[in-house]
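Residue-level structure breakdown
The lines below spell out each chain.
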Amino acid sequence: MTAIFQDIVATARLFPAVREARQNGAVRVQAVYPVKEYIVGASWLDTMEGMMMYDGNAQVGALFLDFSPEQRHWLASTPKHRGGWAERLRFWMNVLEPVLPPDLYLDTILQYSANYRRAILLERRATQ
C-alpha cells in the first residue's frame, strides 16, 4: 500500500517540471490511446430502496431492470418537492402489488414507508 503513496508523491513532485517543459515546447503531451466513454444509467443500488436489506429486495431489484431510464433516474434521485416521498411510495405500491405475494408486498411497502419517513424527518432537521 505504501508503494502507491510513494508513486502519488513522485508524480506530484514531477508534475510542475513536466508542465514547465511543455510550456517551453520541450515536451509534447498527447493521448496515447483512446478511452471509450460509457454512460451508465442508474442501477438498483443507486436507489434508497436498493440499499435496504430484506427478503424481497432481489425480486424488486429484478423489476427495476424493466424500468425506463427516466424512471431509474427518478428513483435514484432524492425527491425535491413537497409530497415527493408520498408520490414515490404510491409508485411502488402500484408497481409491486400485482407482482409480489401479499405478505412480501406488505413487508416491502412497510420497509419503504419507514425509510421515507426517516428521510423526511432528517430533511426537516437539516433545514431547521
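Here the structure is shown first, and the text comes after it.
The paragraphs below set out a description of the structure included in this document. (Residues numbered from 1 in each chain as written. Predicted model: local features only at pLDDT ≥ 70, side-chain atom pairs only at ≥ 80, totals over all residues. Heavy atoms only, no water.)

**Here's the deal with the overall build of the protein chain**
Along the protein chain, the regular secondary structure elements total five helices and zero strands. Secondary structure elements in the protein chain, listed N-terminal to C-terminal, are α-α-α-α-α. In terms of overall dimensions, the protein chain is more spread out than a globule: its C-alpha atoms have a radius of gyration of 24 Å, far above the 14 Å expected for 128 residues. Projected onto its principal axes, the C-alpha positions of the protein chain cover 70 × 40 × 30 Å. Within the span of the protein chain, comprising 128 residues, buried residues form 27% of the whole. Residue pairs at least 24 apart in sequence account for 54% of intrachain contacts in the protein chain once pairs closer than 6 positions are excluded. By element, 59% of the accessible surface of the protein chain is carried by carbon and sulfur atoms, the whole surface being about 10,000 Å². A distance of 11 Å separates the average location of the 14 positive side-chain charges in the protein chain from that of its 13 negative side-chain charges. (Helix = DSSP H or I, 4+ residues; strand = E, 2+ residues; numbered from the N terminus. Rg over C-alpha atoms; globule rule 2.2 N^0.38 Å. Buried < 20%, exposed > 50% of the residue type's maximum accessible area, 1.4 Å probe, protein only. Contact = heavy atoms within 4.5 Å. Areas by Shrake-Rupley, 256 points an atom, 1.4 Å probe, with all protein chains shown as cover. Lys, Arg positive; Asp, Glu negative; His and termini not counted. Charge placed at Lys NZ, Arg CZ, Asp CG, Glu CD.)

**Structural notes on the pattern of salt bridges**
Opposite charge on two side chains permits pairing when their charged atoms draw close. Applying the stated rule across the entire model yields one salt bridge. Between R88 and E49 there is a salt bridge, with the nearest N and O atoms lying 2.8 Å from each other. A residue pair is termed long-range when its members are at least 10 positions apart, and R88 in helix α4 (residues 84-96) and E49 in the loop between α1 (2-23) and α2 (57-64) qualify at 39 residues. On the basis of relative accessibility, which here comes to 0%, the residue E49 falls in the buried class. (Salt bridge = Lys/Arg side-chain N within 4 Å of Asp/Glu carboxyl O.)

**Observations regarding the environment of N115**
Following the sequence through the fold, N115 ends up in helix α5 (residues 102-127). For N115, a relative accessible area of 18% corresponds to the buried category. Taking the C-alpha atoms as reference points, N115 and W85, 30 residues apart in sequence, are found 9.8 Å from one another. Those residues in contact with N115 that lie beyond four places of it in its chain are M48 and M52. In terms of polar contacts, N115 uses its side chain to reach the backbone carbonyl oxygen of Q111, at 3.0 Å. Separated by 2.7 Å, the side chains of N115 and R118 make a polar contact. (Polar contact = N/O pair within 3.5 Å; in protein donor to acceptor, adjacent residues only side chain to side chain.)

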